[in-house]
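A look at the structure
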There are 2 protein chains.
Amino acid sequence: MEVVKNKQVVLKWFVVGAPTEKDMEVREGTATLKAPTGSGGLVVKNLYLSCDPYMRGRMRESYSSYIPPFQPGNVIEGFGVAKVVDSDNPNFSAGDYVTGHTGWEEYSLITRTESLRKVEKNDIPLSFHVGLLGMPGFTAYAGFYEVCAPKKGDYVFVSAASGAVGQLVGQLAKLHGCYVVGSAGSKQKVQLLKDKLGFDEAFNYKEESDLNAALERYFPEGIDIYFDNVGGAMLDAALLNMKVHGRVAVCGMVSQHSYTDSEGIHNMYALVRKRIRVEGFLQSDYLHLYPKFLDCVSNYYREGKIIYLEDIAEGLENGPSAFVGLFSGKNVGKQVVCVARE
Amino acid sequence: MEVVKNKQVVLKWFVVGAPTEKDMEVREGTATLKAPTGSGGLVVKNLYLSCDPYMRGRMRESYSSYIPPFQPGNVIEGFGVAKVVDSDNPNFSAGDYVTGHTGWEEYSLITRTESLRKVEKNDIPLSFHVGLLGMPGFTAYAGFYEVCAPKKGDYVFVSAASGAVGQLVGQLAKLHGCYVVGSAGSKQKVQLLKDKLGFDEAFNYKEESDLNAALERYFPEGIDIYFDNVGGAMLDAALLNMKVHGRVAVCGMVSQHSYTDSEGIHNMYALVRKRIRVEGFLQSDYLHLYPKFLDCVSNYYREGKIIYLEDIAEGLENGPSAFVGLFSGKNVGKQVVCVARE
């Protein structure tokens, strides 16, 4: 039974506030490259790991989140793309590429295979299965089409617009005939939004002393749809600038380092005056649409109608800093960690 | 042409913050009891005037509200029930009872008659046409059935539950097969909710040092529907206690003395975790349902399935204090000002 070295990223303790690199440890473990007989499991070699903001919730102790917390001392888990090394499961064979929940380590034994989906190695980059064609892409798709109720000609605002979710929301909105403005946190990102991602306008929120004034400038007639990836002060400003019967899809609150927003939202009254609907959602409630999503977005990509920006950190040892960077907006596009290319 | 004395309530200046009695003046004016020929208008004798929280918005200067502000020096307007004294309009005759927009004065000349609806003097008290069968009643009906998406067995929480809107929401929810808890601001109101209005439970929010704990106590399994009449801290606590896919209908924010909530809402993250929909609404978006509402609620009332509590201030001179009392919860039930009984 072959035993190999296995680099792993471990959570050191439960995290309070924003995660830092010190909360994680890269250690040298071992892995057995054989799936135990009768386990129904797989041993996989992890290729690409996904850095997603929701993972922060799993680093906290027993918060009544929608998924259970990680345990200190254990390997962090997340979405990934991997290659099957050994299989005790009739649905998978050595050499298959799969995407789904895996560990932040070089090799993982996956016994809960329900979340795994086989993927082809083809003209679509493998890493896209944790991005454009993975959870973030599906979040954009389900949130935009199912929660935002978009109509042609709608004025759409997207925050964290060059991120894993936002960049696809903006492109889908453009394809739907909407006018789209994005916000991001650097000049470079603003340029990408306008030059590469086809947004009508974009602005750097860090250069705006008054977010309300910025939104008034970009949406003199108001916002029909706000796809909210950040919460906090931007959400508050957007509420003031929504049109009557505007819709806000609350996707994430990456600006909020804890589960209570210490500044608070002060413009809720706008909901009544303008009959605004604010709706939180999770892509997992829409999984019946996943095949349709894969079809739609793969086609758009192949037809050259959409692109997808990735920020790839090379090597598992750079995983913690890549993950932590999400919360300061260090990444440009979808943050992925490349553990191995093949 | 008969000219009579006409007591009037006038706005003295634009109001900042919570309105006080000093912001209004009761003065002695005059009225001509003849509708000008060719005006298409009516002269009415006002019988019952409605005190509604939304009127506060019209006392502020040029806030982009959904209705234009009152003008200082002019008579305050609101919903009322009145008797036609003279008509220059073929649709109305002297002696008709009407309900709609009128002035806070003994006699009004109404030239914009589109908002007026004739009502019968019958077994339903005339004053109910500004309450149970008026805008507050319709707000409860439209908000509950159209915004809350209620299902039999749902756990429903109503704030300001003995008020003009809340008391009907609770009763409709009970008739729909829901479990209903109300909050109010006095022992007397809590008793009325339980003894007269058929709520399953009720509590005095002023006696609760921790609103979150109070809601946890009354909703150990969580809240499906929160019908929010107050905003602020109660909304924040309710967000923490919503069930997955819970719905919040934001009807009013009587707890907020200005349009920005200085304390703020801190639990917006719950929207994502629990996929909560928070929707502001105005009854005026649902006017196509008004005939159905009148039919439904009149029948419930006649069948003894619902009751409606009113707090009637006698005399126009008591109008300002009755109106101001809304914002400290002085009223028990729907606040009405009786100008004259006939």
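Quick caveat: nothing in here was measured; it's all calculated off a predicted structure.

**A closer look at the pattern of salt bridges**
If the charged atoms of two oppositely charged side chains come close together, the side chains can form a pair. According to the stated counting rule, one finds 36 salt bridges over all chains in the structure shown. Two residues, Asp-200 of chain A and Lys-174 of chain A, come together in a salt bridge whose shortest N-O distance is 2.9 Å. Taken together, the residues span a long stretch of sequence, with Asp-200 of chain A in the loop between α4 (187-195) and β10 (201-204) and Lys-174 of chain A in helix α3 (residues 166-175) at a distance of 26 residues. Residue Lys-174 of chain A is classed as partly exposed on the basis of its relative accessible area, which comes to 30%. The salt bridge partner of Lys-334 of chain B is Asp-52 of chain B, with a shortest N-O separation of 2.9 Å. A residue pair is termed long-range when its members are at least 10 positions apart, and Lys-334 of chain B in strand β15 (residues 334-338) and Asp-52 of chain B in the loop between β3 (42-50) and α1 (55-58) qualify at 282 residues. For the pair formed by Lys-334 of chain B and Asp-52 of chain B, the shared burial category is buried. Several salt bridges share partner residues, and in doing so they unite Lys-83, Lys-121 and Glu-342 of chain A into one network.

**Considerations on the sheet that holds strand β13 (residues 277-280) of chain B**
For sheets, the rule is that strands pair by backbone hydrogen bonds, running either parallel or antiparallel. Across the sheet, which stays open at both edges, the 12 strands sit in the order β10(A)-β9(A)-β8(A)-β11(A)-β12(A)-β13(A)-β13(B)-β12(B)-β11(B)-β8(B)-β9(B)-β10(B) with mixed pairing between neighbours. Only two strands of the sheet have a single neighbouring strand rather than two, namely β10 of chain A together with β10 (201-204) of chain B. On average, each strand axis in the sheet is inclined to that of its neighbour by 15°, with strand direction left out of account. Here strand β12 (residues 242-250) of chain A pairs with strand β13 (residues 277-280) of chain A via four bridges, running parallel.

**Observations concerning the environment of Val-26 of chain B**
All names here are of chain B. Locating Val-26 in the fold gives a position in strand β2 (residues 24-32). For the pair Val-26 and Lys-151, spaced 125 residues apart in the sequence, the C-alpha separation amounts to 48 Å. Once residues within four sequence positions are removed from consideration, Val-26 is found in contact with Lys-7, Gln-8, Val-9, Glu-317 and Pro-320.

**Topic: helix α8 (residues 290-302) of chain A**
Residue and element names in this part refer to chain A. With 13 residues, α8 extends 18 Å from end C-alpha to end C-alpha; this agrees with the ideal 18 Å at 1.5 Å per step. When we look at burial in α8, the residues that qualify are Tyr-290, Phe-293, Leu-294, Val-297, Ser-298 and Tyr-300. For α8, the buried positions fall inside an angular range of 160° around the axis, keeping them on one side. Turned more than 90 degrees from where α8 packs its buried face, Pro-291, Lys-292 and Asp-295 sit exposed.

**Brief notes about the side chain of Arg-247 of chain B**
All names here are of chain B. Mapping Arg-247 onto the fold places it in strand β12 (residues 242-250). For Arg-247, a relative accessible area of 7% translates into the label buried. Of note is the side chain of Arg-247, whose polar atom sits 2.7 Å from the backbone oxygen of Ala-149. Of note is the side chain of Arg-247, whose polar atom sits 3.3 Å from the backbone oxygen of His-245.

**A word on unusual backbone geometry**
Residues and elements named next belong to chain B. Even without a glycine there, the phi angle at Ala-149 is positive, about 45°. Among the secondary structure elements, Ala-149 is positioned in the loop between α2 (135-147) and β8 (155-158). Ala-149 sits in the partly exposed class, given a relative accessible area of 35%.

**Quick notes on the nonpolar core**
The nonpolar side chains of a soluble globular protein tend to be buried, and buried together. Judged by nonpolar contacts, the single largest core of 54 residues is most densely connected at Tyr-226 and Val-278 of chain A together with Tyr-226 and Val-278 of chain B. Sequence-distant contacts of Val-278 of chain A, defined by excluding residues within four places in its chain, comprise Leu-239, Val-248, Val-250 and Leu-271 of chain A together with Met-268, Leu-271, Ile-276, Arg-277 and Val-278 of chain B.

**Let's talk about the pairing of β13 of chain B**
Burial along β13 of chain B is two-sided: Arg-277 and Glu-279 of chain B and Val-278 and Gly-280 of chain B, pointing in opposite directions, are all buried. Here β13 of chain A runs beside β13 of chain B; their pairing, made up of three bridges, is antiparallel. The residue bridging Arg-277 of chain A from the neighbouring strand is Glu-279 of chain B, located in β13 of chain B.

**Considerations on the packing of α2 of chain B against helix α3 (residues 166-175) of chain B**
Residue and element names in this part refer to chain B. At their nearest, the axes of α2 and α3 sit 8 Å apart, and the two run at 45° to each other. By the angle class used here, α2 and α3 are oblique. For the pair α2 and α3, the sense of crossing is right-handed. Contact residues: α2 offers Gly-137, Ala-140, Tyr-141, Phe-144 and Tyr-145, while α3 offers Leu-168, Val-169, Leu-172 and Ala-173. For the contact of α2 with α3, the residue count by class is eight nonpolar, one polar and no charged.

**Let's talk about the domain arrangement of chain A**
Looking at the assigned domains, one finds that chain A contains domain 1 (3-131 + 309-338) and domain 2 (135-284). The C-alpha-based centres of domain 1 of chain A and domain 2 of chain A are spaced at 29 Å.

**Considering the packing of helix α5 (residues 211-218) of chain B against helix α6 (residues 232-241) of chain B**
All names here are of chain B. One can describe the packing of α5 onto α6 by two numbers: an axis separation of 9 Å at closest approach and a directional angle of 45°. In terms of their interaxial angle, α5 and α6 are classed as oblique. Crossing angle aside, the handedness with which α5 passes α6 is right-handed. Touching Leu-211, Asn-212, Leu-215 and Glu-216 of α5 are Ala-233, Met-234, Ala-237, Ala-238, Leu-240 and Asn-241, all from α6. Here the contact of α5 with α6 is built from residues that sort into seven nonpolar, two polar and one charged.

**As for the packing of aromatic side chains**
On inspection of all chains with the given rule, the structure shows 36 aromatic pairs over all chains. A ring pair is formed by Tyr-54 of chain B and Phe-79 of chain B, whose centres lie 6.2 Å apart and whose planes are at 65°; its orientation type is edge-to-face. With Tyr-54 of chain B in the loop between β3 and α1 and Phe-79 of chain B in strand β4 (residues 77-87), this pair connects stretches of sequence that are 25 residues apart. Here Tyr-54 of chain B and Phe-79 of chain B have matching classes, each one buried. Each residue in the set Phe-138, Tyr-141, Phe-144, Tyr-145, Tyr-290 and Phe-293 of chain A is aromatic and connected to the rest through ring pairs, giving one cluster.

Cut-offs used in this document
Residues numbered from 1 in each chain as written. Chains lettered and ligands numbered in written order. Predicted model: local features only at pLDDT ≥ 70, side-chain atom pairs only at ≥ 80, totals over all residues. Heavy atoms only, no water. Salt bridge = Lys/Arg side-chain N within 4 Å of Asp/Glu carboxyl O. Helix = DSSP H or I, 4+ residues; strand = E, 2+ residues; numbered from the N terminus. Buried < 20%, exposed > 50% of the residue type's maximum accessible area, 1.4 Å probe, protein only. Pairing = 2+ DSSP bridges. Axes fitted to C-alpha atoms, helices over the stretch in contact; angles between N-to-C directions. Contact = heavy atoms within 4.5 Å. Expected span 1.5 Å × (residues − 1). Arc of directions from axis to C-beta. Polar contact = N/O pair within 3.5 Å; in protein donor to acceptor, adjacent residues only side chain to side chain. Core = buried A, V, L, I, M, F, W, Y, C linked by side-chain atoms within 4.5 Å. Parallel < 35°, antiparallel > 145°, perpendicular 65-115°, else oblique. Left-handed = near helix turned anticlockwise from the far one by under 90°. Nonpolar A, V, L, I, M, F, W, Y, C, P; charged D, E, K, R; others polar. Domains from an automatic or database assignment. Phe/Tyr/Trp six-rings, centres within 6.5 Å; stacked < 30°, edge-to-face > 60°.

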